[in-house]
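Here is how the chains run, residue by residue.
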Amino acid sequence: MLTKFQAKLFFLVGTFLFSAVFLLLTYDSLKYVYSAPSSKTLSEEVIRGKELWEKNNCMGCHTILGEGAYYAPELTKVYERRGPEWIRVFLKDPQAMYPGERKMVKYDFSDSQISDIIAFLKWNGELDLKGFPPKPEYRSSTQIINADSATVAQPEKFKQICTACHSVAGSGGNVGPALDSVGKKYDIAYLQNWLKDPQKIKPGTAMPKLPLSDSEIKDLSSYLSQLK
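None of the values given here were measured: they were computed from a predicted structure.

Parameters and conventions
- Residue positions are given per chain, counting from 1 as you read along its sequence in written order.
- Residue-level local features of this predicted model are given only where pLDDT is at least 70; pairs of side-chain atoms are given and counted only at 80 or more, and the full residue set underlies all totals for whole chains, interfaces and linings.
- Side-chain measures were taken over the full set of non-hydrogen atoms in the model, leaving aside hydrogen atoms and water.
- Each helix is a run of H or I in the DSSP string that is no shorter than four residues. Each strand is a run of E no shorter than two, and both are numbered from the N terminus.
- Exposed residues in this analysis have more than 50% of their type's maximum accessible area, buried residues have under 20%, and partly exposed residues fall in between, with area computed by a 1.4 Å probe over protein chains only.
- Any two residues having at least one pair of non-hydrogen atoms within 4.5 Å are treated as being in contact.
- Computed by Shrake-Rupley with a 1.4 Å probe, the accessible areas treat only the displayed protein chains as cover when residues are assessed.
- Stacked, edge-to-face and tilted are the three classes for Phe, Tyr and Trp ring pairs, Trp counted by its six-membered ring, which pair at centre distances within 6.5 Å; planes under 30 degrees apart are stacked, over 60 edge-to-face, the rest tilted.
- Over a ring means this: the NZ of a Lys or the CZ of an Arg is within 6 Å of the ring centre and within 35 degrees of the ring normal.
- Here, expected helix span is obtained from the residue count minus one, scaled by 1.5 Å.
- The working definition used for a salt bridge is a side-chain nitrogen of Lys or Arg within 4 Å of a carboxyl oxygen of Asp or Glu.
- Axes here refer to lines fitted to C-alpha atoms; in helices the fit is confined to the stretch in contact. Angles between the N-to-C directions go from 0 to 180 degrees.
- Note that the term roughly parallel is reserved for angles under 35 degrees, roughly antiparallel for angles over 145, roughly perpendicular for angles of 65 to 115, and oblique for everything else.
- Each residue gets one label: Ala, Val, Leu, Ile, Met, Phe, Trp, Tyr, Cys and Pro are nonpolar, Asp, Glu, Lys and Arg are charged, and the others, such as Gly, are polar.
- For every residue, the predictor reports its confidence as pLDDT, a number between 0 and 100.
- If you view the pair so one helix is near and one far, a crossing is left-handed when the near helix is turned anticlockwise from the far one by less than a right angle, and right-handed when it is turned clockwise.

## Structural notes on the overall build of the protein chain
Per the secondary structure count, the protein chain includes 11 helices and four strands. When each of the 228 residues of the protein chain is scored for burial, the buried share is 34%. Across the protein chain, the fraction of contacts at a sequence separation of at least 24, relative to all contacts at a separation of at least 6, is 58%. Taken as a whole, the protein chain presents about 15,000 Å² of accessible surface, with 60% of it coming from carbon and sulfur.

## Observations regarding unusual backbone geometry
It is generally the case that most residues other than glycine have a negative phi and that most peptide bonds are trans. With a phi close to 55°, Leu65 is a non-glycine residue in the positive phi region. Structurally, Leu65 can be placed in the loop between strand 1 (63-64) and strand 2 (67-68).

## Details of the packing of aromatic side chains
Scanning all chains against the criterion turns up six aromatic pairs. Considering the side-chain rings of Trp53 and Phe120, the 5.7 Å spacing of their centres and the 50° angle between planes classify their relative orientation as tilted. Here Trp53, found in helix 2 (residues 44-55), pairs with Phe120, found in helix 6 (residues 111-125); they are 67 residues apart in sequence, far enough to count as distant. We note that Trp53, like Phe120, is buried. Positioned above the aromatic ring of Trp86, the side-chain terminus of Arg82 is 4.8 Å from the ring centre.

## As for helix 11 (residues 214-225)
Spanning 12 residues, helix 11 covers 16 Å between terminal C-alpha atoms, matching the ideal 16 Å at 1.5 Å per step. Burial in helix 11 covers these residues: Ile217, Leu220, Ser221, Tyr223, Leu224 and Ser225.

## Some words on the pattern of salt bridges
With the rule as written, the count across this model stands at seven salt bridges. Salt-bridge contacts for Arg48 lead to Asp116; the nearest nitrogen and oxygen are separated by 3.0 Å. One end of the pair, Arg48, is in helix 2; the other, Asp116, is in helix 6, with 68 residues separating them in the sequence. Note on Arg48: relative accessible area 39%, which makes it partly exposed. Here Asp116 falls in the buried class, since its relative accessible area comes to 6%. A salt bridge links Lys92 to Asp111; the nearest nitrogen and oxygen atoms lie 2.5 Å apart. Residue Lys92 is found in helix 4 (residues 84-92), and its partner Asp111 is found in helix 6; the two are separated by 19 residues along the sequence.

## A short note on the packing of helix 2 against helix 6
Helix 6 packs onto helix 2 with a crossing angle of 100° between their chain directions and a minimal axis gap of 7 Å. If you check the angle between helix 2 and helix 6, you find them roughly perpendicular. On the side of helix 2, the interface is formed by Glu45, Val46, Arg48, Gly49, Lys50, Leu52 and Trp53, while helix 6 contributes Gln113, Ser115, Asp116, Ile117, Ala119, Phe120, Leu121 and Trp123. Tallied by class, the residues present in the contact of helix 2 with helix 6 amount to eight nonpolar, three polar and four charged.

## Here we look at the confidence of the model for the protein chain
Per-residue confidence for the protein chain gives a mean pLDDT of 85, with 89% of residues at or over 70. In this model, residues 138-148 is a region of pLDDT below 50 whose contacts with residues beyond four sequence positions or in other chains number 19 contacts.

## A look at the environment of Tyr190
With respect to the helices, strands and loops of the structure, Tyr190 is situated in helix 9 (residues 188-196). Note on Tyr190: relative accessible area 30%, which makes it partly exposed. Sequence separation between Tyr190 and Ser225 is 35 residues, and the spatial gap between their C-alpha atoms is 9.7 Å.

## Re helix 6
For helix 6, spanning 15 residues, the distance from its first C-alpha to its last is 21 Å, which sits close to the expected 21 Å at 1.5 Å a residue. Within helix 6, burial applies to Ile114, Asp116, Ile117, Ile118, Ala119, Phe120, Leu121, Trp123, Asn124 and Gly125. Buried residues along helix 6 sit in contact with helix 2, strand 1, helix 3 (78-82) and helix 4.

## Topic: the packing of helix 9 against helix 11
Axis separation between helix 9 and helix 11 bottoms out at 9 Å; the angle between their running directions is 135°. The angle between helix 9 and helix 11 places the two elements in the oblique class. Handedness of the crossing formed by helix 9 with helix 11: right-handed. Contact residues: helix 9 offers Ile188, Leu191, Gln192, Leu195 and Lys196, while helix 11 offers Ile217, Lys218, Leu220, Ser221, Ser222, Leu224 and Ser225. Its residues assigned to classes, the contact of helix 9 with helix 11 shows six nonpolar, four polar and two charged.

Shown next, in the form of structure tokens:
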């Protein structure tokens with residue numbers, strides 16, 4: 001049994017000791033945070049993106065840096081995984097990208113707000129997280145089934161947006177059909193009309209009308225027509 005004096009001394013020494021350890025660890029953590037390269041890239045755009053993230057309670061559905069909910073996809077590396085173009089198109093109208101499937105609310109963000117959110121997601125994705133989250137193993141999305149007959153390289157727009165739903169050579173999404181043999185089924189004229197307005201060709205299709213320029217439609221059609 002401790003005497004009253006010993007108990008008081010034990011409490012005071014213990015409180016002082018653990019308080020000192022806590023302050024030392026806090027100092028060490030802050031020293032690491034402010035000396036990290038990420039602190040130099042913390043722009044006003046990133047800060048505004050974080051404010052939008054918090055204001056709209058994105059963590060109520062998504063997880064980022066291991067913190068948040070699990071109703072919707074984890075977004076720590078979404079910038080690396082999807083790219084800025086795909087994120088921009090998705091945030092403009094989530095439902096249009098995945099008709100009848102996605103439950104994400106359309107927030108009607110302005111173009112500048114979407115840019116801020118993309119900057120925030122990019123900044124998070126570039127943090128040194130010591131291997132978290134682990135990268136999945138997958139084949140290069142530029143691989144083509146019939147490489148000998150391929151003459152048109154895979155357009156950037158295909159890598160940025162189309163691979164979210166479609167796959168080529170086993171790499172990409174599985175929401176839409178694989179496109180390995182799409183050139184056997186449709187000619188280049190049909191593919192161009194399809195990309196301009198899928199709903200006009202096939203009303204009710206799950207394929208959204210993407211914001212593509214005429215040159216992008218031409219490049220994508222040329223690429224897809226050679227997949228045979």
